[in-house]
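Residue-level listing of the chains:
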Amino acid sequence: MHMKDILYQYNPWWEEDFALKDIFPREKYINLLTENLGNDNVLFLTGLRRVGKTTLMKILIKKLIDAGIESKFILYVSVDDYLLKNKNLLEIIEEYKKIHRLTFDHKLYVFFDEITYQKDYFHQLKTLYDKYSIKIVATSSSSSLLKDKKAFLTGRSITIEVKPLDFPEYMVFKDINLKKRDSALEEEYFKDYIRDGGLPENVLNPNREYLMNLVDDIIQKDITAFHGIKNHQIMRDYFTLLMERGGKQLSINKIANILHISPDTSRRYLYYFEETFLIHLLPRWGKTNEKILSSKKIYACDLGIKYLFTGDRDLRSYFENYIYLQLRNKKEVFYLYEDGNEIDFITSDTILIEAKYNAEISGKQKALFDRMNAKKKLVINSVDGLKLLAGL
Ligand SMILES: Nc1ncnc2c1ncn2[C@@H]1O[C@H](COP(=O)(O)OP(=O)(O)OP(=O)(O)O)[C@@H](O)[C@H]1O
């Protein structure tokens, strides 16, 4: 297949009206992305596989077309396409220029999906950035591949992490509209949300096998194959252990012992999970040294995935995990641990947050809570209480 034909397939709007079917808008992200379309920065979208990055790109493309941008000035390519394996970004752009006889006097909008599949994508992006009047939007499902290389575009790139649907978005996707305030019903729906999680396809059509295959695929393609690890099963076992330890301080050594691997290997594997967004690690609040040496707490990327591995035996742990996901990227966040007592979260601007689903804060914890000099102190113990997070 010629590259020209491939590009035509990826960009149906060059020839016909472009419509998006059965897509729910995710206003928060769309507003944030639209705000960033106007500037020259390279816009990176990261996040877990299947979380909806490509869909957001397509929504942006539709917005541009609806705003009157001529469709030939918009290019979308999935860089991990097998047929484009031997083509670099500059060659793709050259072909695109040829197709539309573009001279680059016009501003172009170029969307590269899964950009990190190109080995030296950052050099190529920099060349494109320096050479043309071009707005580049790119996605990646690996945090570290972006982190290492973004230095080439210092001050000229913005990264937005797309997260699984939160509970209000879940309700929209499920077409549930609680007209009257009904806390009891809301709690029930939240239990459904815990089971389904926030991955769009799984919310629309819940299926354990889908989530299991997704986790397996990420472990297989993005971890074992990518890092040359031969034992796939050990990574599955590792991930199961991580899910079971959700919300707890993680001991790299204990996991190393259980899996019969060295502590160094255990640490390395842990970061592989983190870079695929399958898990998130929360550092301890304190002096720099303490922060580095203390164990981190672990959270799942998605409640549905956590549910797959641990079932519904501890709703409180899901609630805490949910709060972590809401705080993530909004604030720099840590956990607080002092004299054997723990407060779930403290933000860098000293907001204390304790997740206590259907329970009261314990006496010792309360003492620590009261003793801390903090800007705000929140105990969240119900789904209704989650609204307190909106104001942060
Ligand atoms: N806003 C949405 N409304 C309806 N369905 C959605 C929405 N966002 C994502 N989906 C569905 O979820 C699935 C995954 O979405 P998408 O391909 O955009 O994710 P992705 O993050 O780009 O995945 P990958 O990293 O694997 O390429 C698709 O089937 C898509 O239709």
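Residues numbered from 1 in each chain as written. Predicted model: local features only at pLDDT ≥ 70, side-chain atom pairs only at ≥ 80, totals over all residues.

A.B. asks: Would you mind showing me how to read the pairing of strand 9 (residues 341-347) here?
C.D. replies: Relative to strand 9, strand 8 (residues 333-338) runs antiparallel, the two sharing 5 bridges. Bridge pairing in strand 9 links Tyr-337 to Glu-342. Here strand 8 folds back onto strand 9 in antiparallel fashion, the turn holding 2 residues, of which Asp-339 has a positive phi close to 50°. The antiparallel pairing of strand 9 with strand 10 (residues 351-355) creates a hairpin that spans 3 residues between the two strands, and Thr-350 there sits at a positive phi of about 50°. (Pairing = 2+ DSSP bridges. Helix = DSSP H or I, 4+ residues; strand = E, 2+ residues; numbered from the N terminus.)

A.B. asks: Before we go on, may I ask you to explain the sheet that holds strand 9 in this structure?
C.D. replies: Note: strands within a sheet are paired through backbone hydrogen bonds, in either parallel or antiparallel orientation. Reading across from one edge, 8-9-10-11 is the order of the 4 strands in this open sheet, with mixed pairing throughout. Here the strands that pair on one side only, and so sit at the sheet edges, are strand 8 and strand 11 (376-380). On average, adjacent strands in this sheet sit at an angle of 30° to one another, irrespective of strand direction. Summarising the sheet, strand 9 and strand 10 pair through 2 bridges and their orientation is antiparallel. Bridge pairing in strand 10 links Phe-345 to Ile-353. Here helix 16 (residues 315-327) sits on the sheet in contact with strand 8, strand 9, strand 10 and strand 11, set at roughly 25° to strand 9. The sheet contacts of helix 17 (residues 363-371) involve strand 8, strand 9, strand 10 and strand 11, and relative to strand 9 the element is tilted by about 40°. (Axes fitted to C-alpha atoms, helices over the stretch in contact; angles between N-to-C directions. Contact = placed C-beta atoms within 7 Å.)

A.B. asks: Any chance you could explain the sheet that holds strand 1 (residues 42-46) here in plain terms?
C.D. replies: With parallel pairing, 5 strands are arranged side by side in an open sheet as 2-3-4-1-5. Across the chains shown, the open sheet's two edge strands, defined by having one partner strand only, are strand 2 (74-78) and strand 5 (157-161). Direction aside, neighbouring strands of the sheet carry axes that sit 15° apart on average. Judged from the 4 bridges that link them, strand 1 and strand 4 (residues 134-140) form a sheet pairing that is parallel. Bridging from a neighbouring strand, Phe-44 pairs with Ala-138 of strand 4.

A.B. asks: It is not clear to me how the confidence of the model for the chain should be interpreted in this structure. Could you clarify?
C.D. replies: Caution is warranted with low-pLDDT regions, since their predicted coordinates should not be read in detail. When the pLDDT values of the chain are averaged, the result is 91; 96% of them are 70 or greater. Of all secondary-structure elements in the chain, the lowest mean pLDDT belongs to helix 14 (residues 288-293), at 63, while helix 9 (residues 200-204) reaches the highest, 98. Two numbers describe this predicted complex: its pTM, 0.94, and its ipTM, 0.99. (pLDDT = per-residue confidence, 0-100.)

A.B. asks: Even after reading the chapter, I still don't get the site of the ligand, so can you show me in this structure?
C.D. replies: Inspection of the region around the ligand gives 13 residues, with Gly-52, Lys-53, Thr-54, Thr-55 and Pro-200 positioned closest. Residue assignment for the shell around the ligand shows that the elements contributing at least two residues are helix 3 (53-66) and helix 9. The element that contributes the greatest number of residues to the shell around the ligand is helix 3, accounting for 3 residues. (Near = placed C-beta within 6 Å.)

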